[in-house]
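Chain by chain, the residues:
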Amino acid sequence: MIRNWQYLDDYEKHRAEILAAVDRVFSSGRLILGREVESFERDFASFCGVPFGIGVNSGTDALFLALKALGVSAGDEVITVSNTAVPTVAAIRAAGATPVFVDVEEDTYLMDVTQLPDAVTGRTACILPVHLCGQTVAMEPLLAIASTRQIPVVEDCAQAAGATYRGRRAGSMGAIGAFSFYPTKVLGTFGDAGMAVTADAALAARLKRLRFYGMEGSYYSEEEGYNSRLDEVQAAILNLKLPTLDAQVERRREIAALYAEGLAGVGDIALPAVRDGREHQFYLYTVRTGRRDALMQFLADRGIEARINYPTPIHLMRGYRFLGYEAGSLPVTERLAGEILSLPMYPGLSDDEAGRVIEAVRAFFATGTQTA
Ligand SMILES: Cc1ncc(COP(=O)(O)O)c(C=O)c1O
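Rules behind the numbers
Residues numbered from 1 in each chain as written. Predicted model: local features only at pLDDT ≥ 70, side-chain atom pairs only at ≥ 80, totals over all residues. Heavy atoms only, no water. Salt bridge = Lys/Arg side-chain N within 4 Å of Asp/Glu carboxyl O. Helix = DSSP H or I, 4+ residues; strand = E, 2+ residues; numbered from the N terminus. Axes fitted to C-alpha atoms, helices over the stretch in contact; angles between N-to-C directions. Parallel < 35°, antiparallel > 145°, perpendicular 65-115°, else oblique. Left-handed = near helix turned anticlockwise from the far one by under 90°. Contact = heavy atoms within 4.5 Å. Nonpolar A, V, L, I, M, F, W, Y, C, P; charged D, E, K, R; others polar. Pairing = 2+ DSSP bridges. Near = heavy atom within 4 Å. Polar contact = N/O pair within 3.5 Å; in protein donor to acceptor, adjacent residues only side chain to side chain. Areas by Shrake-Rupley, 256 points an atom, 1.4 Å probe, with all protein chains shown as cover.

(A) Representation of the pattern of salt bridges within the structure. The tally for this structure, following the rule as stated, stands at 21 salt bridges. The salt bridge partner of Arg169 is Asp246, with a shortest N-O separation of 3.7 Å. Of this pair, Arg169 sits in strand β7 (residues 168-169) while Asp246 sits in helix α9 (residues 245-263), placing them 77 residues apart in sequence. Glu223 is the salt-bridge partner of Arg209, the closest N and O atoms lying 3.1 Å from each other. One end of the pair, Arg209, is in helix α7 (residues 201-210); the other, Glu223, is in the loop between α7 and α8 (232-241), with 14 residues separating them in the sequence. Three or more residues joined by partner-sharing salt bridges are found here, namely Arg206, Arg209, Glu216 and Glu223.

(B) Spotlight on the packing of α9 against helix α12 (residues 351-366). It is at 10 Å that the axes of α9 and α12 come closest, and there the two elements cross at 30°. Classified by the angle between their axes, α9 and α12 sit roughly parallel to one another. Our pair here, α9 against α12, has a crossing hand that is right-handed. Listed contacts from α12 to Arg251, Ile255, Leu258, Tyr259, Gly262 and Leu263 of α9 are Asp351, Ala354, Val357, Ile358, Val361 and Arg362. For the contact of α9 with α12, a count of residues per class yields eight nonpolar, one polar and three charged.

(C) Structural view of the sheet that holds strand β9 (residues 194-198). Across the sheet, four strands lie side by side as β1-β9-β8-β5; this open sheet has mixed pairing. Of all the strands in the sheet, just β1 (52-56) and β5 (154-156) have a single pairing partner and so form its edges. Ignoring which end each strand starts from, the neighbouring axes of this sheet average 20° apart. As defined by bridge partners, strand β8 (residues 176-180) adjoins β9 across four bridges and the pair is classed as antiparallel. Paired with Ala178 across the strands is Ala196, a residue of β9. Here α7 sits on the sheet in contact with β1, β8 and β9, set at roughly 15° to β1.

(D) Looking closely at the sheet that holds strand β6 (residues 164-165). Across the sheet, which stays open at both edges, the three strands sit in the order β7-β6-β10 with antiparallel pairing between neighbours. Two strands in the sheet have a free side with no partner beyond their single neighbour: β7 and β10 (278-279). Pairing of β6 with β10, which is carried by two bridges, proceeds in the antiparallel orientation. Counterpart to Thr164 in the pairing with β10 is Glu279.

(E) Representation of the site of the ligand. Gly59, Thr60, Asp156, Ser180 and Lys185 are the nearest of the 16 residues found near the ligand. Contact distances for the ligand include 2.7 Å between an oxygen atom and a side-chain N or O atom of Ser180. Contact between the ligand and Lys185: an oxygen atom at 3.2 Å from a side-chain N or O atom of the residue. Contact with the protein chains removes 90% of the 380 Å² of surface that the ligand exposes when unbound. Of all the elements in the fold, those that place two or more residues in the shell around the ligand are α3 (59-69) and α4 (86-94). Looking at the shell around the ligand residue by residue, the classes come out as seven nonpolar, seven polar and two charged.

Here's what the structure looks like:
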């Protein structure tokens, strides 16, 4: 079976170090907001090229608290995309605001920033680009639009740790970058974890308060806050994994290069576009084909796990119908949902296994199976 994730393998391989880190935390007696969190905050922020990192409970909370720290509240609008993980939108709603969706580019699946000027209204309080699959949105034009209108930007970097745009790390370009360390992510841990990073000292101080009941010291709240702390145990594991992040991303890029070479010119399949000046970190290797469901089944029959990220755009989900969007309102997003397929992609995938995936995809397009 060729899977599409690897944290179990990571555990097998690094079991002794992981358990030693967990043991270190437990025996220290310092279980909440201790040295492991401090050290991971410092090192991950520095990896992103900004001075401040605030460890929180999840990527969703990193987005939610980022919006709260910027003062986003009920009645405000936040511009984002509908082809993202539900938490992007859940975080906007948790802050009390209304998500406003723009469409995406067909070949990168990323926010089409040319649609932003028309989407901005007097109530726009934030622009929230999602660096989906591991490639950054066109940040220069986006930031230009945002700064002329004085609208803050929060980057959803849940899928983009290690990606860059013109030499700048994902998360370092907006007012705040929000990361997830969910187990399957490029930098993942063994539970929930997230971080907000920023270059702004005042925002950093506010994020720190908000994740801890609004408190700066003990038992006294400066403002209404929440409980969203990064756990010491998860931070200890992340401290182990962070130094390997660059190498893991490098291996993902090698696999992407194998796919790009092996699948070039094959049948009715479009490979992910990578724009100049952007270093994709290939959290996902997502292709497009009109025969997506048949291809997915063909691969599954051969023990290859492909996934759909994501099968239903959020504006068409029952849980978000109240937002008032209808089928046809975001045509590219809606078409892509029926065509995208993420091939196996994780650093532990061997060249041989990548070769088997390529052979299977080629075999699918070479036979009559495509009409299935
Ligand atoms: C694009 C995107 N945004 C936000 C999140 C939320 O992260 P978490 O699961 O850590 O809350 C995720 C991951 O699930 C994601 O993929």
